[in-house]
Amino acid sequence: MKKISALFIIFLLGACDTIGSAPQPFPVWTIIPSGTPNIVTATPIIQTSVPGVTEIIPLSPTNTEVPSPTPTSTPLPPTETATPTPTATAVKSVAVDILGCNTAIDISHGMGEVTNAYVTVKNTGEVDLPITCALLRAIDEDREHPDKKVCVANLPVRNQITFKLTVDSTYQQNTAIQVDATSGEGILLRVDKPSCTDIGLFGGAPSDVGVVKPIQ
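Residues numbered from 1 in each chain as written. Predicted model: local features only at pLDDT ≥ 70, side-chain atom pairs only at ≥ 80, totals over all residues. Heavy atoms only, no water.

1. As for the sheet that holds strand 4 (residues 149–155)
Taken in spatial order, the four strands of this open sheet run 4-3-6-7, and their pairing is antiparallel. With one partner strand each, in any of the chains shown, strand 4 and strand 7 (186–193) form the two edges of the open sheet. This sheet shows a mean twist of 15° between the axes of neighbouring strands, independent of strand direction. As judged from the seven bridges shared by strand 6 (residues 177–183) and strand 7, these two strands associate in the antiparallel manner. Residue pairing in the sheet places Ala181 in a bridge with Leu189 of strand 7. (Pairing = 2+ DSSP bridges. Helix = DSSP H or I, 4+ residues; strand = E, 2+ residues; numbered from the N terminus. Axes fitted to C-alpha atoms, helices over the stretch in contact; angles between N-to-C directions.)

So this is what it looks like as structure tokens:
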């Protein structure tokens, strides 16, 4: 019984709501059509040649400047230079003759037997020879004799001089000797002799020792 009463009350309440206002339509959602994209097509440009019409087509600017020629250096002719003529060197030349030897007792220098050699030096070169000397050596030489080297201040061209040279040698022994001819500081000639011949066999000692004279 209670259920029937409740249903009746609900029905009445529902009827009261419809009396005052009309039922509202149910809203319907509609889809808004999207915008159609514009289709852009490339329209080719057609150029036609119209008869009788001269068509001027502008040319693109080009560089018409003619390049200037590159300067080239013309080689100058070689300058002539004077080549100095080499000066001919004067020839120094001598000849040495060992004339012979003898022996003696040298008391003045406190020596015993000494050997004297007579040597002629000749200037056969092209220039004078300043400070021309002759130096004597002996294989059995003992003390140095002060007269083993003798000099002249100058020996002119084509002139000669005979020196007397002395060395301290062994008593009564054949002596091998050597003679150097020099000018200044240079040796011009060296002559060796295994034994010195007795000068007495050739007429004795020469008389022109130390005299400068023309070559004979």
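2. A word on the pairing of strand 3 (residues 129–138)
Of all the ten residues making up strand 3, seven are buried; the element is thus mostly covered by neighbouring parts of the structure. Judged from the six bridges that link them, strand 3 and strand 4 form a sheet pairing that is antiparallel. What sits directly across from Leu129, in strand 4, is Leu155. (Buried < 20%, exposed > 50% of the residue type's maximum accessible area, 1.4 Å probe, protein only.)

3. Focus: the pattern of salt bridges
Under the defined criterion, the tally for this structure stands at six salt bridges. A salt bridge links Asp180 to Arg137, with the nearest nitrogen and oxygen atoms 2.6 Å apart. With a gap of 43 residues between them, Asp180 in strand 6 and Arg137 in strand 3 connect regions that are remote in the sequence. The buried category is assigned to Asp180, whose relative accessible area is 2%. (Salt bridge = Lys/Arg side-chain N within 4 Å of Asp/Glu carboxyl O.)

4. With respect to the state of the cysteines
Counted according to the given criterion, the structure contains two disulfides. Paired by a disulfide, Cys101 and Cys196 hold their sulfur atoms 1.4 Å apart. Torsion about the S-S bond of the Cys101 and Cys196 cystine: about 90°, corresponding to right-handed handedness. Of the two residues, Cys101 is situated in strand 1 (residues 94–105) and Cys196 in the loop between strand 7 and strand 8 (213–214); the sequence distance between them amounts to 95 residues. You'll find Cys101 and Cys196 in the same group, each marked buried. A disulfide bridge connects Cys133 with Cys151, and the sulfur atoms are separated by 1.9 Å. Between Cys133 and Cys151, the disulfide has an S-S torsion of 110° and is therefore right-handed. Of this pair, Cys133 sits in strand 3 while Cys151 sits in strand 4, and the two are 18 residues apart along the sequence. (Disulfide = S-S within 2.5 Å.)

5. Considering a nonpolar patch on the surface
On the surface, Ile105, Ile107 and Tyr171 cluster together into a nonpolar patch covering about 380 Å² of accessible area. With respect to the secondary-structure elements, Ile107 resides in the loop between strand 1 and strand 2 (113–123). (Patch = residues over 30% accessible without salt bridge, like charges linked within 9 Å, V, L, I, M, F, W, Y side chains within 5 Å. Areas by Shrake-Rupley, 256 points an atom, 1.4 Å probe, with all protein chains shown as cover.)

6. Quick look at the layout of surface pockets
Taken as a whole, the largest pocket encloses approximately 200 Å³ of empty space. Tallying contributions element by element places strand 1 first for the lining of the largest pocket, with three residues. Here the lining of the largest pocket is built from residues that sort into two nonpolar, eight polar and one charged. (1 Å grid on protein atoms, 1.4 Å probe; cavity = no way out; pocket = protein on both sides within 12 Å on 5 of 7 lines; lining within 4 Å. Points joined across faces, edges and corners; volume = space filled by probe spheres on them. Nonpolar A, V, L, I, M, F, W, Y, C, P; charged D, E, K, R; others polar.)

Nothing here speaks to function; it is all geometry.
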